[in-house]
Amino acid sequence: MAPSLTPAILGRRLGVVGVALLLGVSASPATADSAADSHSGSGSGSSGAPTVEEQRLDRAAPQEILRRSGFDGVAPGFARDLGRVRSYKEAERLVVRQGQSLWRRAVERAQGRGPQKKEGREALPWKGGGGRRAGDLSRDDDRPLYWARLGMTRALRAWEPRGFELGDERRQRLLGSLETTSRGQDTIRYPKGQRIKRVLVTGFDPFTLDRDTRISNPSGATALALDGTVVRTAAGPVRIETAMFPVRWTDFAEGEVERTLRRQLPRVDLFTTVSQGRVGKFDIERTNGAWRGGFGDNENLSSTGVVPVADPASQPQWTTTTLPYKDIVAADTGRFPVYDNTAVTEIPAGGTTPVQRPDGPTPGSAARAGGGGDYLSNEIAYRATLLRDRLGLRGLPGGHVHTPVLQFGAGNTDPATGKVTDEEFVRNRVDIIAQVRKIVVTGVEAAEANGR
């Protein structure tokens, strides 16, 4: 995720144009440091009041994305079903069923199951019933899932049930369940037996949406494209499972990453968190830092300080990738170059001023930015690799991959007048997805060859 890089690092790596591209957020972020006590992994809005994320739904680009993907009926259908619910237990079942259904539908669309509308032709019903339309957006698009989910959470937040009292606490539990199920976090399944390798990949929602609500996140698109797939490799068949995460500080502070990954890491042969990073480049992040840099999240909230984790007394300042980065960097994985990124920003032992280190942290230093910066991409990498180490899995290959920034085509860069998609935009996203897949395969094969 691009804002994980501090402004100083961004200026050095991308130049002035890159900084403007990646940090041009119009809203001033509020603080999120005290929000986690009442947050329930579903946005910070109170019952009935839409969140900052949900308010963006009414803009033109999200509405066009929903309409052109056939996902515009998801939230209205969910709201109608809520209106028929007469007990909290019914509501729980409905939320789980519809959340999982949204995730499956997005995965099926990304992987080519169901009809695809051609430009200028009528959409066919989604095969299997339900009157679902396919739309004419390319299948690789992650944005319909994001905006449809927000429509569902907004409907659930505003819902006033008949026949029973809901209350804020139980509503928040329903919202949390909807988030979990519609992100694939509760349906990670691997086959039993030793003849198949197991890989876990995570992605993120779109972000910096006040700059441009058309934005897509290639890490989220990758998660949809790879979920449940089996890849044939030199190390044997590989089953890939995926999950999606929000771009919200408070969800991470509440342990969403650990809740999702704790049960899975002991079962897998390799894992990688994925997010969007630099323009035109892939990075394998060597080191992750225990620091939040404060850049505003999707709720326009900010958080600065040490990454909040359980047992802070034993918390390290740095964690390290165990992905076979040398093999990945050396392999021909696609059209974008792949780098072993060793840079960090630290406060040296005994010092007070942050210092940029091109070759990793020095002993006793305090983190101010990992290789992937100080935003939520660095944080998910830090949390996942810290969990790996705390579970005694230091030999498990795992770390973080930053993808190139997903760019629109020339002539389609103005958020106010630009189209929601174009040929170059789609080609870039498809190529990034394919290259992440190849990076994963290369990592599995290299780990097998190296005896890990």
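Chains are numbered independently. Their residues run from 1 in the order of the written sequence. Per-residue local features of the predicted model are confined to residues with pLDDT of at least 70, and side-chain atom pairs are confined, for both listing and counting, to 80 or more; whole-chain, interface and lining totals are unaffected and use all residues. Working from all heavy atoms in the structure, the side-chain values ignore hydrogens and water.

Visitor: Teacher, can you tell me more about the pairing of strand S13 (residues 344–347) here?
Guide: For a regular strand, side chains alternate in direction, first toward one face of the sheet and then toward the other. Burial classification: accessible surface area is computed with a 1.4 Å probe over protein chains only, and a residue below 20% of its type maximum counts as buried, one above 50% as exposed, and the rest as partly exposed. Secondary structure elements are taken from DSSP: a helix is a run of H or I of four residues or more, a strand is a run of E of two residues or more, and numbering for both begins at the N terminus. Side chains Val 344 and Glu 346 project from S13 onto one buried face, and the interleaved Thr 345 and Ile 347 project onto a second face that is buried too. In the sheet, S13 pairs with strand S14 (residues 355–357) via three bridges, with the strands oriented antiparallel. The residue of S14 that forms the bridge with Val 344 is Arg 357. Relative to strand S15 (residues 366–369), S13 runs antiparallel, the two sharing three bridges. Note that in S15 the partner of Thr 345 across the bridge is Ala 369. Two strands qualify as a pair provided that DSSP identifies no fewer than 2 bridges between them.

Visitor: Help me understand the side chain of Ser 182, please; the structure alone is not making it clear to me.
Guide: One can find Ser 182 in helix H7 (residues 167–182). Judged by its relative accessible area of 0%, Ser 182 is buried. From its side chain, Ser 182 meets the backbone oxygen of Leu 178 in a polar contact 2.7 Å long. By the criterion applied in these results, polar contacts are pairs of N or O atoms within 3.5 Å in which, for protein atoms, one can donate a hydrogen and the other can accept it, and in which residues neighboring in sequence qualify only through two side-chain atoms. A distance of 3.5 Å separates a polar atom in the side chain of Ser 182 from the backbone oxygen of Glu 179. Setting aside residues no more than four positions away along its own chain, Ser 182 makes contact with Gly 99, Leu 102, Trp 103, Leu 145 and Arg 149. Contacts: residue pairs with any heavy atoms within 4.5 Å of one another.

Visitor: I would appreciate a short explanation of the sheet that holds S15 in the present structure.
Guide: Within a sheet, adjacent strands bond to each other through the backbone by hydrogen bonds, running parallel or antiparallel. The three strands are arranged S14-S13-S15 in an open sheet whose pairing can be described as antiparallel. With one partner strand each, in any of the chains shown, S14 and S15 form the two edges of the open sheet. For this sheet the average axis-to-axis angle between neighbouring strands, irrespective of direction, equals 40 degrees. Here an angle of 0 to 180 degrees is reported between the N-to-C directions of two axes, which are lines fitted to C-alpha atoms, with helices fitted over the stretch in contact.

Visitor: What's the story with the environment of Arg 383 in this structure? I'm lost.
Guide: Following the sequence through the fold, Arg 383 ends up in helix H12 (residues 376–390). Each C-alpha atom, one on Arg 383 and one on Val 257, is 7.0 Å from the other, the two residues being 126 residues apart in sequence. If we ignore the near neighbours within four places in the chain, the residues touching Arg 383 are Phe 252, Ala 253, Val 257, Glu 258, Arg 292, Val 307, Pro 308 and Val 309.

Visitor: Help me understand the sheet that holds strand S6 (residues 282–285), please; the structure alone is not making it clear to me.
Guide: Read from one edge to the other, the open sheet built from seven strands follows the order S3-S4-S2-S5-S16-S6-S12, with strand pairing classed as mixed. Strands with a single pairing partner mark the edges of an open sheet, and in this sheet they are strand S3 (229–233) and strand S12 (338–341). Averaged over all pairs of adjacent strands, the angle between their axes in this sheet comes to 25 degrees, without regard to strand direction. Sheet topology note: the strand S2 (residues 197–204)/strand S4 (residues 236–245) ladder contains eight bridges and is parallel. Across the sheet, Arg 198 pairs through a bridge with Arg 239, a residue of S4. Against the sheet, helix H13 (residues 423–449) touches S2, S3, S4, strand S5 (270–276), S6, S12 and strand S16 (398–403), its axis set at about 145 degrees to S2.

Scope: geometric values only; no functional claims are made or implied.
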